[in-house]
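Okay, here's what each chain looks like letter by letter:
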Amino acid sequence: RCKGWEKKEGEEEEEGGEVVDEGEEDIELPRGASTQSPQSPVDGKMGLIALCLPLLEESREILRESAPCSVPEEEHRWLGGSAYNLGVTLHRCGACEQAARVLELACEEMRVWCGSKEGRMVEVNLLEKQCVLASYQKESSLFSKALDTLVLATSTAVSSRLLEDPQGRCGLVRQWAGVRIAALESGVKEVEERTFMSALKPLKGIPLSTVSSCLEAELREYKEWECDGGVVRVVEELMEVYRCEGRVLDRTRMLTEQAILNRKKGDRHAVEFFTDIIGILESLKKSEKSHSDVLANQLATAHFWKAVCMYDQLMERCGKIVSPSSPPPPPPTFPNEITTVESEEQLCLAPEEGKVLLSTDSMMRCLEVAVDYWHTMSRTVAQNLKGGGGDVSHDWTMFELMTVSSYMCVVQHRPLVAIKVLAALIQTYEAIPSPSLQAHYHNALALKARLLSGCGVPAEVAECHLEPASELKAHSSSPASSAGRTRRALVSATLHAKLSLAGIKLSNDELDGCRSLLTEVLSHPHLSSSYPSSYVLQARAKLLAASLLQHRPPSPLLTPEQVLDQMEASPTSLLHPHFSLTPLELAMDALRLLQGVVSGDAHKKGEEAQKRASVEVRGWELCEGLMEALKMVANVHWLCGMVREAYHYAREGLKLARSKALRYWTITFYLILVKVLVIKGNLPVARCFLCQAGQLFDPLLSPNSPAEVFHRVAQSCPTHLKQCTDFLSAVMHLREEEEQDVGGATPPLVTPQDLLHLSTTTSSSLDSKLSQLCGDKAAPSLKLPCQFSIASPSHVRVELEVALLQARAFSRAGDAGKCLGVCRQTFGQLKKEAHRRADPGYWLLAARLYATAGACVVVAKETKARVKLTKQDDAMGYFLMAFQLCFPFSSVLLLRETCLWLGSCMAETTPLLAAHFLSFGMQLTLTHQAVYSIGQKLRKHNTTGTTDVIATLQQDDGTADATPAMKARQSFPPLHTMPPVAYTRLALDSLPLSWTLCTLAVDPGERYLLVMRAGREHEPLLVRILLPEQNIPEAHQQCLMSSKDSLAIRDKKKWWAVRRELDTSLETLCGDLEDSWLGHWKCMLVGKAPEDRTSVVERVCERLKQGVDRKWVELLVETWGCLSQEEVYLLLGEVADDPLTAAQKKQAYSAMEDLLSSDITPSYHPMVLVAGHTLQCLPWESIPVLRERSVCRMPSLAFVVAHRHMLGHDGCGLVNPLNTFYVLNPEKNLPKTEKCFEWFTKEPGWEGLVGEEPNNSVLKAALEQHQLYIYCGHGSGGKYLSVDQLHLVHCKAASVLMGCSSGRLAVHGNADPTGVVLQYLISGCPAIVANLWDVTDEDIDRYCECLLDNWLSGSDELLLKHTSSARSVCKLKYLIGASPVVYGIPVCTSK
């Protein structure tokens, strides 16, 4: 030892001076010692090393020179020990190369001393020291020298008989493999051929069994580290050894390994190679009875890999070569921006691709053969393992392949095969008392129970298979972050088992039990850790929570009277007290979590690693999770009415399913797309996609196929029962829509009764297959404790759907009697099922059936059809029953239709209730979007914490604070429970006293116009106006199409003549809209008078002597001047309790005429207009009675309330003109517009861009940091800031969008209207001036200039006042002047 160094704790000195290496820590100097000695010119550690190395070399030379003399042998041991000590010290100092050189000298001297004496080798631990030297050489990248050292170590092990010890042999082989793996990864080619065989060949007398054991151990190391370069040569060596030994079975196993390597290299003949191997094994099976289990395992393995290679070929035929076991490709970023790149034609299957997806059956049949072998041998293998006679290392490979097979079957939707292989796997795991296997065991239990439940097995039966998981309750209560990898996996497996149990309870409609288990899982510390398994667990839990929130608690159905009583609950606050996440938020969070795990795996593995097709459970598990999440997200968006988003996620799911050759999931997403396209009204494309789905069931199946083809297809694979019935149901629903669209169709080849028969026969087939699988001859883990029938859950829903289809068919045919007969017969069964069924799909069908019955009664009464109606046939009662079944979460379209029916039925009897339903049914889709968008903004990250999910499940207060955004979110009516009637009253009372709200809608029967007028401290007024035959919306649309065509006219005179003619037509249309649609009820749309007229109301009421309700008198007085004398008489005649005489009418009119000015004074108090989805396109602001009045548009009453909360303070919008941002002529093709508004650049406090396209960050900052935003360009500027980006903007700026159709709302089929202006409202924009249709630049520039000049010229100027007055400056006062409207709330300029 050099002076100045102290001995480290834990170092033991042996005879000869060797030091045992305890680690790689640097040796420290004593406290107070300096790193530089003043007495020596040599500095620090390296200086001491420099002194020691020459001494060591000199000592070795002395020994060599003295060799002829009688030098004691102990000198070699002494020198070797001292060199070893120095080498260890050098290594701790970080001098690896010097340490390796010194240890090489040490081992050489030790070998000289030991000679061939076994005792001395053991005494000085020569083998251990040589292994340490090899590790130092490996660290120094001296790979060839390290292998040479290990060759010497192998010789030492043979001499000392340590190679006979399996543990010592494995350690030596492991180190050899480690050096070779490191060399191959570093690109060292010279070690490619050096297997452990090269260390054994020079040695004599080694048995071939020992050689094969060493090579098998080396092979396992390479496979564990996925080092294919190391595997190749070892497999060749083993094949030669087994040939010499005559071990044909083991040699065939190496052939399998070689085939696996060839597959990884992309060998196209891999399937033929595995077929040959299977042929060899089959021939051996007939001759070698003693190796039946080993043979069975190899046959199973060969069939498994043949199936995988067949899958590879399928992918290659598709032109989409994707590794079947690598993680699936990450889907696009969700949902920041949704773009539709592919056309419908691109989403259709190519003929070859359809054949490939159908060919997956042959691949799965090959996999089923492997499963059969494993299932047959599972009992024998378990017995061998229990008795200690099995080779666990070889069986571990079998366990991996069986697990992968189970997930492959799950993703390919072969649940019966997956259950079978899981049963065999579980039985084998139970025979091995190894803690490291407990996690795998419980994962298998959870998956099997989940699959049994999914097949329709009763919940109590499925729960029996999870009983062993209850033993791990103690493990799941401790934090996983402090545990090791094995313990963490065990905790994760236990939580997966609990989630499976929660899912089983949910399928059995035990909502409380499911909620309790979900809360327990979400409260676990493991879910807050940053491990991928934690994210997968969170995703599964959130998907299950989203499904739970959609279930209706099993309870008796309320009567219509009880529904109204329950809705009469009186909340004390407009804000509901609980913060609740919606199913949409939970499903989207789950999808993001899974996508993050997939993207993280792809990033870690890298592109090259993904190309290596190593079979992994994780990839298939994530693939299944992504499929389930995309399906849930698409379905929830569909239920919310968000057809664009639903189409996007269904499309992404379809692309992923096709890229992975998953036939079941491809059909699933095609059927979702069909549902979405039916809502959008795109029936031809829906039929095209339905044909695509049918082709994947069977090439002969199509929407026009007869019932026999459906039955044959369904019976061929009964596990696809639900998908077959869904397909047939989609066929009939599409035919129903097509009949309504074209007014008739050819007689159908399938009927609702065929659907019922299909469900019955396939349920029985699946029942028998499961019973056969779980019968007496099954493995113990598969035996079921009782007899069962699985037909009931899905079959009952099919029965209900059949009743709905029959009732709607009778209704379309005009046979109200038969329609109501079918409905009455089914309603009795519904009441029996109510207390035991929570399935949302079932109750959605029930709600549709009640709504169908209500509509049938309404039509029968209005048309005076000869139908015998019973006491139960009450339209309002049926609609109330449908309304209650729309909760907790049902289709937005059905809920909107039901609310409109209820508003129409109650208009004349209970106006407050009618107003409540009418207000609630407006723009429900936009309400869902707003709640989701606000939730995104409230969270810093894109996913919610588990605390909010638990609060949602337990109906407790979450983590929400009282910010304006949170108040806005909570001010929306709850979408999961029936909204109390008091909500509407509180919402109206929260409005400013001067505001008036008017709602316009057409009833679902399209016979009546519903007009509702309401305000603060006033009872809502609601009237039904019989619509005339004139179709004004259609005439308006035709006028706009002619206007668009006229823009192509090049002749100036003709252009102006056509445009003026269209302007006159539009003016006439606005007059017809007022006269023929509204008539004397046009006063309902007029805002309040600026002065108080209470005294006038009192005087008029005295003249009428209580013959007319005071609220109607108030209406006439408040809107005096907008009706003629005849119109006043007509209105009084309709609202009078008893018929009024002409004298009474004249007295009332004279009183109002005497007390009020006869001049028509426009009211400057604002009117907030809420127009239904078929009426919002009409220019209501330009009808004569509103032409000079202040009108703004909002989607619904709830949006008015939420908008005021979003603005904060008193909820009034104030705009500072000195804080303005403008975008002028961004595309540089509107020179006149740019010249007209060049004064923008001179205004103080104004910023903006002229002739320059803004990026989204600039526009986002403009909307968030300024109070006024002006856009003068083409369209709405959506190409610079998309709809999805707008969702994340906290918009504070009132906006003026002067492009073509910037305020147009698109209507697709039955879906709610969508448009950019609605997204501006969601983002918090106070008000938007936008155009309903296309305009020309010069006229709209005049309008915009007049508007800005007048509005921004002073303080406290109301925007609405100037938007109406500016119409008069346009040359085409209706074709252009009627286009600009205001969305939002009334805003004023601030001082």
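Structure: above.
Residues numbered from 1 in each chain as written. Predicted model: local features only at pLDDT ≥ 70, side-chain atom pairs only at ≥ 80, totals over all residues. Heavy atoms only, no water.

As for the overall build of the protein chain
Okay, so step 1: For the protein chain, the count of helices and strands is 54 helices and 13 strands.
Okay, so step 2: By residue count, 57% of the 1391 residues in the protein chain fall in the buried class.
Okay, so step 3: The contacts of the protein chain with a sequence gap of at least 6 include a subset with a gap of at least 24, amounting to 76%.
Okay, so step 4: Element-wise, carbon and sulfur atoms account for 51% of the exposed surface of the protein chain, whose accessible area totals about 57,300 Å². (Helix = DSSP H or I, 4+ residues; strand = E, 2+ residues; numbered from the N terminus. Buried < 20%, exposed > 50% of the residue type's maximum accessible area, 1.4 Å probe, protein only. Contact = heavy atoms within 4.5 Å. Areas by Shrake-Rupley, 256 points an atom, 1.4 Å probe, with all protein chains shown as cover.)

Remarks on the packing of aromatic side chains
Okay, so step 1: Scanning the model with the defined rule gives 29 aromatic pairs in all.
Okay, so step 2: Consider the rings of F827 and Y850, whose centres lie 4.0 Å apart with planes at 5°: the pair is stacked. Here the residue F827 occupies a position in helix α33 (residues 816-833), and Y850 occupies one in helix α34 (residues 840-862), the gap between them amounting to 23 residues. Per residue, the accessibility class of F827 equals that of Y850, and both read buried.
Okay, so step 3: Overall, the relative accessible area of 7% leaves F827 in the buried class.
Okay, so step 4: A network of ring pairs unites the aromatic residues Y1222, F1237, W1239, F1240 and W1246 as a single cluster.
Okay, so step 5: Directly above the aromatic system of Y531 lies the positively charged group of R488, at a separation of 3.9 Å from the ring centroid.
Okay, so step 6: One residue, K680, lies across the ring of Y647, its end atom 5.1 Å from the ring centre. (Phe/Tyr/Trp six-rings, centres within 6.5 Å; stacked < 30°, edge-to-face > 60°. Lys NZ or Arg CZ within 6 Å of the ring centre and 35° of its normal.)

Observations concerning a negative patch on the surface
Okay, so step 1: Taken together, the side chains of E561, D565, E568 and D874 define an acidic patch exposed on the protein surface.
Okay, so step 2: Of note, E568 is situated in the loop between α23 (560-567) and α24 (583-611). (Patch = residues over 30% accessible without salt bridge, like charges linked within 9 Å, V, L, I, M, F, W, Y side chains within 5 Å. Salt bridge = Lys/Arg side-chain N within 4 Å of Asp/Glu carboxyl O. Lys, Arg positive; Asp, Glu negative; His and termini not counted. Charge placed at Lys NZ, Arg CZ, Asp CG, Glu CD.)

Some thoughts on the pairing of strand β7 (residues 1220-1224)
Okay, so step 1: Most of β7 is tucked away, with five of its five residues classed as buried.
Okay, so step 2: Residues T1220, Y1222 and L1224 line one face of β7 and the alternating positions F1221 and V1223 line the opposite face, and both faces are buried.
Okay, so step 3: Of the pairings in the sheet, the one linking β7 to strand β8 (residues 1246-1250) comprises five bridges and is parallel in character. Across the sheet, residue L1224 finds its bridge partner in β8, namely V1250.
Okay, so step 4: Crossover connection from β7 via helix α49 (residues 1231-1236) to parallel β8: handedness right-handed. (Pairing = 2+ DSSP bridges. Right-handed = clockwise from strand over helix to strand, strands pointing away.)

Description of the environment of L142
Okay, so step 1: Mapped onto the fold, L142 is located in the loop between α5 (126-139) and α6 (143-159).
Okay, so step 2: For the pair L142 and V179, spaced 37 residues apart in sequence, the C-alpha to C-alpha distance is 9.4 Å.

Thoughts on unusual backbone geometry
Among all residues except glycine, the phi angle is most often negative; among peptide bonds, the trans geometry is most common.
Okay, so step 1: Cis peptide bonds are those with omega within 30 degrees of zero, and the linkage from F887 to P888 qualifies with 15°.
Okay, so step 2: Along the chain, P888 falls in the loop between α35 (875-885) and α36 (892-906).
Okay, so step 3: Phi at H413 is positive, roughly 55°, even though this residue is not glycine.
Okay, so step 4: Residue classification places H413 among the buried positions, given a relative accessible area of 19%.

Focus on the pairing of strand β11 (residues 1327-1331)
Okay, so step 1: Among the five residues of β11, five are classified as buried, and the element is accordingly described as predominantly covered.
Okay, so step 2: Burial along β11 is two-sided: A1327, V1329 and N1331 facing one way and I1328 and A1330 facing the other are all buried.
Okay, so step 3: Two elements, strand β10 (residues 1294-1297) and β11, share two bridges in a ladder whose sense is parallel. Across the sheet, the residue bridging to S1295 is I1328, located in β11.
Okay, so step 4: Chirality of the crossover, the property in question, places the unit of β10, helix α52 (residues 1316-1322) and β11 among those that are right-handed.

Focus: empty space enclosed by the protein
Okay, so step 1: One pass over the full model with this rule turns up nine cavities of 30 Å³ or more.
Okay, so step 2: Computed from the structure, the second largest cavity encloses a volume of approximately 110 Å³.
Okay, so step 3: For the second largest cavity, the lining is made up of 13 residues, of which S919, F920, P973, Y983 and A1198 are closest to its centre.
Okay, so step 4: Mapped by element, the contributors of at least two residues to the lining of the second largest cavity are α37 (911-920), α38 (924-938), α41 (981-989) and α48 (1197-1207).
Okay, so step 5: For the lining of the second largest cavity, the leading source of residues is α37, giving three residues.
Okay, so step 6: Residue composition of the lining of the second largest cavity, grouped by class: eight nonpolar, five polar and no charged. (1 Å grid on protein atoms, 1.4 Å probe; cavity = no way out; pocket = protein on both sides within 12 Å on 5 of 7 lines; lining within 4 Å. Points joined across faces, edges and corners; volume = space filled by probe spheres on them. Nonpolar A, V, L, I, M, F, W, Y, C, P; charged D, E, K, R; others polar.)

Observations concerning the packing of helix α7 (residues 166-185) against helix α9 (residues 208-224)
Okay, so step 1: As a packed pair, α7 and α9 sit with axes 9 Å apart at the nearest point and diverge in direction by 50°. Judged by the angle between their axes, α7 and α9 are oblique. Where α7 crosses over α9, the two elements pack in a sense that is right-handed. Each of R169, C170, V173, R174, W176, A177, R180 and I181 in α7 lies in contact with α9, whose residues at this interface are T210, S213, C214, A217, E218, E221 and Y222.
Okay, so step 2: Taken together, the residues of the contact of α7 with α9 sort by class into eight nonpolar, two polar and five charged. (Axes fitted to C-alpha atoms, helices over the stretch in contact; angles between N-to-C directions. Parallel < 35°, antiparallel > 145°, perpendicular 65-115°, else oblique. Left-handed = near helix turned anticlockwise from the far one by under 90°.)

Points about α38
Okay, so step 1: Here α38 is 15 residues long and its end C-alpha atoms lie 21 Å apart, about the 21 Å a rise of 1.5 Å per residue gives.
Okay, so step 2: Extensive coverage of α38 is indicated by the burial of 14 of its 15 residues. (Expected span 1.5 Å × (residues − 1).)

Observations regarding the side chain of D509
Okay, so step 1: One can find D509 in the loop between α20 (485-507) and α21 (511-522).
Okay, so step 2: The contacts of D509, once residues within four sequence positions are left out, are H551, P554, R836, R837, A838 and D839.

What about the pattern of salt bridges?
Okay, so step 1: Enumeration over the complete set of coordinates arrives at 46 salt bridges.
Okay, so step 2: Residue R651 is joined to E652 by a salt bridge in which the shortest nitrogen-to-oxygen separation is 3.3 Å. Each of the two residues, R651 as well as E652, counts as buried.
Okay, so step 3: In this structure, E736 engages R812 in a salt bridge whose closest nitrogen and oxygen atoms are separated by 3.3 Å. Placement of the pair is E736 in helix α30 (residues 721-742) and R812 in helix α32 (residues 792-812), with a sequence separation of 76 residues.
Okay, so step 4: By relative accessible area, R812 is classed as partly exposed at 34%.
Okay, so step 5: Among the ionic contacts, a cluster of salt bridges with common partners joins E216, E245, R247, D250 and R253.

Concerning the environment of R161
Okay, so step 1: Assignment of secondary structure puts R161 in the loop between α6 and α7.
Okay, so step 2: Residues R161 and E118, 43 residues apart in the sequence, show an inter-C-alpha distance of 8.4 Å.

As for the environment of K675
Okay, so step 1: Of note, K675 is situated in helix α27 (residues 663-680).
Okay, so step 2: Taking the relative accessible area as the measure of exposure, K675 reaches 29% and is therefore partly exposed.
Okay, so step 3: With 40 residues separating them in the primary sequence, K675 and N635 have C-alpha atoms 9.3 Å apart.
Okay, so step 4: Ignoring sequence-local partners within four residues, the contact set of K675 consists of N635 and W638.
Okay, so step 5: Within the local environment of K675, its side chain forms a polar contact with the side chain of N635, the two groups lying 3.0 Å apart. (Polar contact = N/O pair within 3.5 Å; in protein donor to acceptor, adjacent residues only side chain to side chain.)

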